[in-house]
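Architecture at a glance
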Amino acid sequence: MRHLPSTPQHSRPARRVLRRSVWLLLIPVGIVLAAGPARLEKTFDTTRTPQVILSNLRGQVVVRGWEKAQVHTVCTMVSPRVEVDTDALPHTGAAERVQFATHVLDPLVTGNEETADCTLEVPLGASLEIKNRQGGVQIENLQGQHAWVESADGLISATDVAGHLTARSLGGNIQIVRASGRVEAVSITGSVRIITPTSNNLRANTNSGKIVYEGDFVPAGEYILSTYSGDIELLCPPSASFELNARSVKGKLHNTFSLTPKRYVPLPVPAANSLLGTHSTGNATVELTSFNGTIRVRQQP
Amino acid sequence: MPEQDDQGQFDAARASCRKFDQGLSAYLEGEDKPEMRAHAQQCPYCRVVLADLEELRFASHHLPLEEPPARVWANIHATLEAEGIIRGPVPAWHRWLPRLVFRHNSAPVSAVACLALLGLTLLVSPRNVQTPESVEWLPAGGRTTAAGAFVPVIDDALIRTLGEMESAYRAHESFLEPALKDTYRKSLRSLDASIEESLEHCQRDPGSVLAREYLVNAYQSKAEVLESALESVAR
């Protein structure tokens, strides 16, 4: 049995004071820890093609496709007064639909305290519906029927998405890499960047942001890019085969491709700057429009 | 012997508790069951359960009705149609009516109504109307245009409703978190600038099809942004 040496410093009253001090220190630490970030980790058995729905108030959302027929989620909430509700349907067996919804337990929780960062791993064939009010959304490696992503101001990034992709943002930028399904990207003040797509139907629209398209076109594909005041930059390989219809009300047009002029003009376009013609055999249709943004069509080095 | 009596009493109590459990949901739904109340008076455990459930029922009756987002209705409709439970296209007002009936907040109601009206008019508006008698006056971004300026595309009523949506949003935007409010403001400012500029261009050059398309698109985008803003405010 160990005894404390009976020195004056460790007399019984002194030890009592010491013990009390330790408790007094531990209580605030405990309170701080109790109010610290909360965490949720869950796994659901699903079909190979479930619908995954996430509605988040603020934070970063990452969704990745994986080989397993499971949805695995890890969410970290800044405040314990924010909760992520989960629901899987049907309740027994492999779920066809898995839903996540963040909500605040206390109406006084605002601003950064609403933050919940969520990472989801979902089956490759999953369809997504992600709404992140404030904050970025990153989706990767998905082959499901559709992926619908919305954010007010965060960056939306979609990489290797094969299904119908819809990305909508008010002020955030949108970046789409190697999309192979139908693509619709809409932002109001954010920019849209599309890199090496293999999609045959692509639409991008922004009011004051830029649009950058880097890559080739699929034969018989249709590509419609439109901005109001932002610039449009199209960078494609010299071998690209497309029919170009570029028009701007007040913006300038620059082109480095040799285009064969079209023999007819489908619509009279008075007072608009336009560039109509085909490059190579003109397999894909490319329509670029702006109000006063500059349109540049350039060959990739 | 007394032990057997105790066991018998316990079994009888358990049986009446089970019976109470079975009849509980019917009783809470309003069925006349005096034996439920009698059992609750005798059994402290069941009395607490009943009191809790009644309190919950009372509280839930006083909760405000939450309206799901438009997407939910669209999904339900699409699923029902896919499963063959409903057939063919349902008239738009049928789809919207239940939402309007259960709305308690006037701002989203007007937003939905305005959007429907705006969408309809944008769809049916003739793009190449040039005759002076068919053109409508269009104030730019809620401001009065110079006398004699006009743009054929969108009529007065729609501009007014869009203005009402904007007023409804402005009246409630203080409830939004500052960063989100700023995002909406920037978006609306950007669209207002586009509306103003394309409108001026259309006034100078009424034959510019592309400028008119931009004007229509800017109005459409503004309606969508306001709808989203009103949805955020209503939350």
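Residues numbered from 1 in each chain as written. Chains lettered and ligands numbered in written order. Predicted model: local features only at pLDDT ≥ 70, side-chain atom pairs only at ≥ 80, totals over all residues.

1. Digging into the overall build of chain B
Within chain B one finds nine helices and zero strands. Traced from its N-terminal end to its C-terminal end, chain B shows the element sequence α-α-α-α-α-α-α-α-α. When burial is assessed residue by residue, chain B has 24% of its 235 residues classed as buried. Nonlocal contacts in chain B, meaning residues at least 24 apart in sequence, comprise 64% of its contacts between residues at least 6 apart. (Helix = DSSP H or I, 4+ residues; strand = E, 2+ residues; numbered from the N terminus. Buried ≥ 20, exposed ≤ 12 C-beta atoms within 10 Å, placed from the backbone. Contact = placed C-beta atoms within 7 Å.)

2. Here we look at the overall build of chain A
If you tally the helices and strands in chain A, you get one helix and 24 strands. Of all 301 residues assigned to chain A, the portion counted as buried reaches 41%.

3. Things to note about the interface of chain A and chain B
In this complex, chain A contributes 22 residues to the contact, which on the side of chain B involves 21 residues. Residues belonging to the side of chain A that touches chain B are distributed by class as follows: 11 nonpolar, eight polar and three charged. (Nonpolar A, V, L, I, M, F, W, Y, C, P; charged D, E, K, R; others polar.)

4. Section: the environment of A:Trp148
All names here are of chain A. By the secondary structure assignment, tryptophan 148 is in strand β9 (residues 146-151). As for tryptophan 148 and glutamate 184, which are separated by 36 residues in sequence, their C-alpha atoms are 9.5 Å apart. Setting aside residues up to four positions removed in sequence, tryptophan 148 forms contacts with Leu128, Glu129 and Thr166.

5. Describing the packing of helix α8 (residues 178-204) of chain B against helix α9 (residues 209-234) of chain B
All names here are of chain B. Two elements in contact, α8 and α9, have axes separated by 9 Å at closest approach and are oriented at 160°. Between α8 and α9, the interaxial angle falls into the category roughly antiparallel. Crossing geometry of α8 relative to α9 is assigned as left-handed. Across the interface between the two elements, Leu180, Tyr184, Ser187, Leu188, Leu191, Ser194, Ile195, Ser198, Leu199, His201 and Cys202 from α8 touch Ala211, Arg212, Tyr214, Leu215, Ala218, Tyr219, Ser221, Lys222, Val225, Ala229 and Ser232 from α9. (Axes fitted to C-alpha atoms, helices over the stretch in contact; angles between N-to-C directions. Parallel < 35°, antiparallel > 145°, perpendicular 65-115°, else oblique. Left-handed = near helix turned anticlockwise from the far one by under 90°.)

6. Section: the nonpolar core
Inside soluble globular proteins, nonpolar side chains tend to come together where they are buried. If you look at the biggest cluster of nonpolar residues, it comprises 58 residues, and the most contacted ones within it are A:Val52, A:Ile139, A:Ala158 and A:Ile176. Counting residues per element, this core draws most heavily on strand β6 (residues 116-123) of chain A, which supplies four residues. Residue-level mapping places this core at the junction of two domains, with at least three residues from each of domain 1 (37-133) and domain 2 (152-301) of chain A. Not counting residues up to four positions away in its chain, the partners in contact with A:Val52 are A:Val71, A:Val98, A:Leu120, A:Val122, A:Ala126 and A:Leu128. By size, the runner-up hydrophobic cluster in this structure holds 32 residues, among which are B:Tyr184, B:Ala211, B:Tyr219 and B:Ala223. (Core = buried A, V, L, I, M, F, W, Y, C linked by C-beta atoms within 7 Å. Domains from an automatic or database assignment.)

7. What to know about the environment of A:Ser208
Residue placement: A:Ser208 occurs in the loop between β15 (201-206) and β16 (211-214). Between the C-alpha atom of A:Ser208 and that of A:Gly190, which follows or precedes it by 18 residues, the distance is 7.0 Å.

8. A word on the environment of A:Arg203
Residue and element names in this part refer to chain A. Along the polypeptide, arginine 203 turns up in strand β15. Note: C-alpha distance between arginine 203 and alanine 185 (18 residues apart in sequence) is 6.3 Å. Excluding residues within four positions of it along the chain, arginine 203 makes contact with Val183, Glu184 and Ile224.

9. Some words on the pairing of strand β2 (residues 61-66) of chain A
Residues and elements named next belong to chain A. Residues Val61, Val63 and Gly65 line the buried face of β2, whereas the alternating positions Val62, Arg64 and Trp66 sit on a face that is not buried. Where β2 meets β6, six bridges bridge the pair, whose relative direction is parallel. Pairing of valine 62 across the sheet is with threonine 119, part of β6. Pairing of β2 with strand β8 (residues 137-142) involves four bridges; the strand directions are parallel. Among the inter-strand pairings, valine 63 is bridged to a residue of β8, identified as isoleucine 139. (Pairing = 2+ DSSP bridges.)

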